[in-house]
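This is what each chain is made of:
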Amino acid sequence: MLKNRKIHKPNQLFLAVADDLYTIRNQIIDTIYLFSCIFGTFAFYSSIIRFTKLGIQPSFLYNCLLFILVWSVFLLRKKISMIWKASIFFILFFMSGVLLNITFTVISGPIHFILVSTLTTLIFGWKLGLVTIGFTIITRSLIAVLYARGILSLQINFNEYALATPALLSTIVGGAFSALVIVFAIDKFYAWLITALNTLKEKNDELAVKNSELVAAIQKAEENDRLKSVFLANMSHEIRTPMNAIIGFSNFLARPNLSQDRRERYSELVQERSYDLLRIIEDILDISKIENRQLKLEFSEIHLDTLLVEIFEYYNLKLKKTDVSKVVLKLEISENIKELAISSDKQRLMQVINNLLDNAIKFTPKGEVVLKAKLGKTDSVIEFSVSDSGIGIPEDKIDIIFDRFRQADESLAARQYGGSGLGLSISKGILELLGGKIWVESEYGKGSTFNFTLPFQKIEVSEKLSKKGDLRNRNWIDKRVLVVEDDLANSEYLVELLYDTKIQVSKAMTANEVRKLLKNKQKPDIVLMDIRLPDESGIVLTKEIKKQYPKVIVVAQTAYASKEDQQECIDAGCSDFITKPIDQENLLNVIESLLNSGQQ
Ligand code: ADP
């Protein structure tokens, strides 16, 4: 049967086997019914013969009824209802118990037994089958005994042979035995079939569950694949756009007769786009750190009002520079958090607020953006919100925008706002680490409000953080710096950053060059040490220098920004570190404070 089937998937194969078993079961039952009908017909036929010889007898009527009944059951079996079943049972039971026992023929006895018990068992199960047989045996025996004792007299013609006691007994015993065997066999077969089918059904259910899990996994993989392609296309766009400006304007800057105005504008654009590029790279690193649970927080003292005002001023300035911007920025800080100093990760908190403000401004072609902060109900939570009157988010996209790489508008062709789809998932990851949560309320076409909470520990207000040092006239003409950097462009960049301070500069690109310079007694006051050199680790070189000249200040300059990397630099003897890309003000501040602290 299976041979002719088409190729099935595994779960379909089980279904097919189950189908086949059902078919076999039905065929067996059909066959049994058919046999019952043949027996019934045979009994009917024998009654007719007897009728021609003996005239009407109860057995004739009974056989007629049985004949009609078995054939009706056979034909109607598939659609049989409970009422039908009940009526058939009643007739069978009644007849087998009363009418059947009025006649005693050698052949019809076992046949009736088989018929009645088989039909009853098939329709109602083995228990009622046995009851029927029991009842038949008892009534038959009773009638036989009553008749033998002359208590019961039958007014009809009987076959003498059939009334003989041994024949009667053999009829009863033979009929009962064969009926029992049949009932038992049918029942066993049923039990086996049902167990087999149940096991199959369980297996099939298990397979169906696994199958639906598999389908879900495949769909997820396909979705991830699609998201990856969208992400790569986005990334390519996001990286190439600032690169295009950086390369293009850098080329323009090389032109000899460029007006001062243009030179300044181009430099500004190169700088801005470089920071855009840096942010994308940092976003990618952040999301991978968040996913690998490697993002470490660095707690420090934060004066919230100062921080929020600084952010607000920065964005206001940025908006003013953009001629096309029609966005008004507002800041609302509740009284109870002014003067509040908390301990949290300042950089990460700023990153979250910046992400939300960037988005709010980006998705608001015209209108206002409001940054709010207030103390939460529990007093140990600050509630922030960034609301805008921009394009809003469709309801069905609200849940996905916090997933990495997901954007409300994912159709590449229709995207007009750019972005990598990472900002919100990074913000969510950061806030989870800080113990807070983020959510959005939005109405499509009307605007959005991103809320987030930040649990905090209040700290006693220390000296207010000194505001960024003003650009001073630094003159370090009597000092010498050794720039250790293997990348020529970066080395020249450092020299350029230090140019105005008039500090004397020596340069080395390898550890060996450093060793040669030190041998020639060119002892610097300060070393700007690249941690990754081609011939030696900057850490090892720092240890060597500090061993030889403990008073030389070493400042690590590194692209590795993790806390562990920074600690490694300090352990090796570095006095401080600056991370690449190097900010001029930061570099000069660090050098100045080290030179002033007399660490030489
Ligand atoms: P990106 O802005 O780089 O696409 P984000 O993770 O920051 O990535 O944001 C994911 C998406 O959420 C955005 O692409 C945008 O569809 C939607 N979104 C975020 N902020 C806003 C907002 N203020 N108004 C409307 N849509 C927003």
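Residues numbered from 1 in each chain as written. Predicted model: local features only at pLDDT ≥ 70, side-chain atom pairs only at ≥ 80, totals over all residues. Heavy atoms only, no water.

K.L.:
I tried to follow the overall build of the protein on my own but got confused; where do I start?
P.N.:
Of regular secondary structure, the protein possesses 16 helices and 13 strands. The buried share of the protein, reckoned over its 600 residues, is 40%. Looking at the protein alone, contacts between residues at least 24 apart form 72% of all its contacts between residues at least 6 apart. Here the protein has roughly 34500 Å² of accessible surface; of this, 58% comes from carbon and sulfur atoms. (Helix = DSSP H or I, 4+ residues; strand = E, 2+ residues; numbered from the N terminus. Buried < 20%, exposed > 50% of the residue type's maximum accessible area, 1.4 Å probe, protein only. Contact = heavy atoms within 4.5 Å. Areas by Shrake-Rupley, 256 points an atom, 1.4 Å probe, with all protein chains shown as cover.)

K.L.:
Whenever I open this one, the packing of helix α14 (residues 538-548) against helix α15 (residues 563-572) confuses me. Can you help?
P.N.:
Describing two packed helices takes the angle between their axes plus the distance from one axis to the other. One way to put it is that α14 packs onto α15 with a least axis distance of 8 Å and a crossing angle of 25°. Here α15 runs roughly parallel to α14, going by the angle between their axes. Like other packed secondary-structure pairs, α14 and α15 cross with a definite hand, here right-handed. Counting all contacts with α14, which are made through Ile539, Thr542, Lys543 and Lys546, the residues of α15 involved are Glu568, Cys569 and Ala572. Looking at side-chain class alone, the contact of α14 with α15 contains three nonpolar, one polar and three charged residues. (Axes fitted to C-alpha atoms, helices over the stretch in contact; angles between N-to-C directions. Parallel < 35°, antiparallel > 145°, perpendicular 65-115°, else oblique. Left-handed = near helix turned anticlockwise from the far one by under 90°. Nonpolar A, V, L, I, M, F, W, Y, C, P; charged D, E, K, R; others polar.)

K.L.:
How should the site of the ligand be read in this particular structure?
P.N.:
As a structural note, the neighbourhood of the ligand is formed by 20 residues, with Asn359, Asp388, Gln407, Ser420 and Leu424 the closest of them. The separation between an oxygen atom of the ligand and a polar side-chain atom of asparagine 359 is 2.8 Å. Lysine 362 places a side-chain nitrogen or oxygen 3.1 Å from an oxygen atom of the ligand. Relative to its free-state accessible area of 530 Å², the ligand is covered by the protein chains to the extent of 95%. (Near = heavy atom within 4 Å. Polar contact = N/O pair within 3.5 Å; in protein donor to acceptor, adjacent residues only side chain to side chain.)

K.L.:
I would appreciate a short explanation of the environment of glutamate 568 in the present structure.
P.N.:
With respect to the secondary-structure elements, glutamate 568 resides in helix α15. Residue glutamate 568 is classed as partly exposed on the basis of its relative accessible area, which comes to 44%. A C-alpha to C-alpha distance of 7.7 Å links glutamate 568 and isoleucine 539, two positions 29 residues apart in sequence.

K.L.:
I would appreciate a short explanation of a nonpolar patch on the surface in the present structure.
P.N.:
A cluster of nonpolar residues, Ile239, Met243 and Ile247, forms a patch on the protein surface that exposes about 230 Å² of accessible area. Secondary-structure assignment places isoleucine 239 in helix α7 (residues 165-253). (Patch = residues over 30% accessible without salt bridge, like charges linked within 9 Å, V, L, I, M, F, W, Y side chains within 5 Å. Salt bridge = Lys/Arg side-chain N within 4 Å of Asp/Glu carboxyl O.)

K.L.:
Is there a simple way to think about the sheet that holds strand β5 (residues 381-388) in this case?
P.N.:
Two orientations exist for strands paired in a sheet by backbone hydrogen bonds: parallel and antiparallel. Taking strand neighbours across the sheet as the criterion, the five strands line up as β2-β4-β5-β7-β6 in an open arrangement whose pairing is mixed. At either margin of the open sheet sits one strand with a lone partner, and together these are β2 (326-333) and β6 (438-443). Between one strand and the next, the sheet's axes are offset by a mean angle of 10°, whatever the strand orientation. Bridge count for β2 against strand β4 (residues 366-375) is eight bridges, and the pairing is parallel. Following the sheet pairing, isoleucine 333 is matched in β4 by alanine 373. The strands touched by helix α11 (residues 423-434) are β6 and β7 (447-455); relative to β7, the strand with the most contacts, the crossing angle is about 25°. (Pairing = 2+ DSSP bridges.)

K.L.:
In this structure, what is going on with the nonpolar core? I would like to understand it.
P.N.:
Nonpolar side chains in soluble globular proteins tend to end up buried together. The biggest cluster of nonpolar side chains holds 51 residues, and the ones touching the most others in it are Leu304, Leu349, Ile353, Leu357, Ile382, Phe384 and Phe452. The next biggest cluster of nonpolar side chains, apart from the first, holds 21 residues, and it includes Ala508, Leu517, Cys569 and Cys574. (Core = buried A, V, L, I, M, F, W, Y, C linked by side-chain atoms within 4.5 Å.)

K.L.:
Could you clarify how one ought to interpret the pairing of strand β11 (residues 526-530) in this entry?
P.N.:
The two faces of the sheet receive side chains in turn, since in a regular strand these alternate between them. Counted residue by residue, β11 has five buried out of five residues, so it is predominantly covered. Side-chain alternation along β11 places Ile526, Leu528 and Asp530 on one buried face and Val527 and Met529 on a second face that is also buried. In this sheet, β11 lies alongside strand β9 (residues 480-484) in parallel orientation, the contact comprising four bridges. Counted as the bridge partner of leucine 482 is valine 527 from β11. Pairing of β11 with strand β12 (residues 553-558), which is carried by five bridges, proceeds in the parallel orientation. From the neighbouring strand, aspartate 530 faces β12, where its bridge partner is glutamine 557.

K.L.:
When you look at helix α13 (residues 511-519) in this model, what are you seeing that I'm missing?
P.N.:
One turn of an α-helix holds 3.6 residues; hence residues three or four places apart share an orientation. All of the buried residues along α13 are Ala511, Val514, Leu517 and Leu518. For α13, the angular spread of buried residues about the axis comes to 120°, placing them on one side. The outward face of α13, more than 90 degrees from its buried face, is lined by the exposed residues Lys516 and Lys519. If you follow the buried residues of α13, they end up packed against β9, β10 (504-508) and α14. One or two residues past the end of α13 sits lysine 521, with phi positive at roughly 65°. (Arc of directions from axis to C-beta.)

Everything listed is a geometric property; what it means functionally is a separate question.
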